[in-house]
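Overview (structure and organization)
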Amino acid sequence: MGRKTFSLVAAGLFLTGCSAIDQRASQREAQFEAENPPVGQILTLPDGRRVHAFVQGSGPDLVLIHGASGNLRDFTFDLTRRLTDRYRVIALDRPGMGYTDRTDAAYATVANNGAESPEEQVVMLQAAADLLDVENPIVLGHSYGGAVAMAWALARPEDTAALVIVSGATIPWEGGLSFSYKVPSSTLGSAMLVPAVTAFFPESKLEPIVDGVFKPQHAPEGYTKGLGSALSLRRDAMRANARQVNVLKDHLITMLPRYHSLTLPVEILHGAADTTVPAKVHAIPLSEILPNANLTQLDGIGHMPHQVAPEAVVDAIDRARSRAGLHKGL
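In this report, we go over the structure that sits alongside the text. Counting starts from 1 at the beginning of each chain's written sequence and moves along it residue by residue. Under the rules for a predicted model, residues below a pLDDT of 70 receive no local features and side-chain atom pairs below 80 are neither given nor counted, while totals for whole chains, interfaces and linings still include all residues. Computation of side-chain values: all heavy atoms of the structure, hydrogens and water removed.

1. Focus: the overall build of the chain
The test is simple: Secondary structure elements follow DSSP: runs of H or I of four or more residues count as helices, runs of E of two or more count as strands, with numbering from the N terminus. For every residue, the accessible area obtained with a 1.4 Å probe (protein chains only) is divided by the maximum for its type, and the residue is called buried under 20%, exposed over 50%, and partly exposed between those limits. Contacts are assigned to residue pairs with any non-hydrogen atoms lying within 4.5 Å of each other.
Within the chain one finds twelve helices and eight strands. Counting every position in the chain, which comprises 330 residues, the buried fraction comes to 50%. Partitioning the intrachain contacts of the chain with sequence separation of at least 6 by distance along the chain shows that 79% fall at a separation of at least 24.

2. Considering empty space enclosed by the protein
The line we're drawing: Definitions used throughout: a 1 Å grid over protein atoms alone; a cavity as a set of points that fits a 1.4 Å probe which cannot get out; a pocket as an open set with protein on both sides within 12 Å along at least five of seven lines; a lining residue as one with an atom within 4 Å of a point. Grid points are joined across faces, edges and corners, and a volume is the space filled by probe spheres set on the points. Three categories are distinguished: nonpolar for Ala, Val, Leu, Ile, Met, Phe, Trp, Tyr, Cys and Pro, charged for Asp, Glu, Lys and Arg, and polar for the others, with Gly belonging to the last.
Evaluated as defined, the whole model comprises two cavities of 30 Å³ or more. For the largest cavity, the calculated volume is near 40 Å³. Every residue lining the largest cavity is listed: Asn36, Pro37, Pro38, His52, Asn71, Arg73, Asp93, Gly98, Tyr99 and Leu231. Among the residues forming the lining of the largest cavity, the class breakdown is four nonpolar, four polar and two charged. Quantified by volume, the second largest cavity comes out at close to 30 Å³. Lining the second largest cavity, in full, are Ala129, Asp130, Val134, Pro137, Trp152, Arg156 and Asp159. Along the lines of polarity and charge, the residues of the lining of the second largest cavity split into four nonpolar, no polar and three charged.

3. Section: the side chain of Thr103
Within the secondary structure, Thr103 is located in the loop between strand S4 (88-92) and helix H3 (118-131). Ignoring anything within four residues of it in the chain, the contact list for Thr103 reads Arg49, Pro95, Glu116, Glu120, Gln121 and Met124.

Rendered as structure tokens:
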């Protein structure tokens, strides 16, 4: 066999293998979605993009924005039931996550490009909120969602009643990110590694990964399944998540100088034992920058207060409501 023939055969086998992996990945994605369907409504924006929204309850509007790798089920697992008696709760899947489209569908297959900034995500989420007639909301953001909540207030300072930042990634940090974020957003990783993970990663391995986010606590029983964690294994979700996190620091650098302009009430709630998003890097500096912020640190609590200390989160929301003078629905 000549060198040219060998090369053609090798290329053919490689393409056949890639095709088989993509086919298996597509089958698993269909399975993940069948097992974890939307729990809310799918809103179609004027430009045709879709946003998944869970809406329940009555009272002042409360918008909930989830963190990286997650979806709105992170809130519907437990927190929303504690709030719907006195708030109209609107939980949203962020762009590219859960059942919400990317900010631009063309970005879904382009590595190292099109990473939705918090500001770009907010444009889309606020368009969905407008369809729901959301008015002067309290906006809660957890982890990555904290940056999106900050962008929300910066975009609509006169139509945002208050912020609640829970374990929020809001301040630029020193150093870089781990390979688990860098590789999936690289050209090679996006094209080859991501489909292989979707095709072959065992769902049984998700539980210890999720549990690790809770350190020093543990995930509540049934949380991994209730979250629909397998949705994060879909190819577009992995690509979107990796790119969003990879560029977050750069976008925080551009947002940071504007934080001081926010005079609305802000409740900052952070676990003192959070090693994923350390309070000393994010919550404490943020509280010193914002002119109307109140910081509460929870001793011994890690990155997931809304799951392991939900009463503290509800109290923070209620304080934000009181400080904002919201009385609708009482």
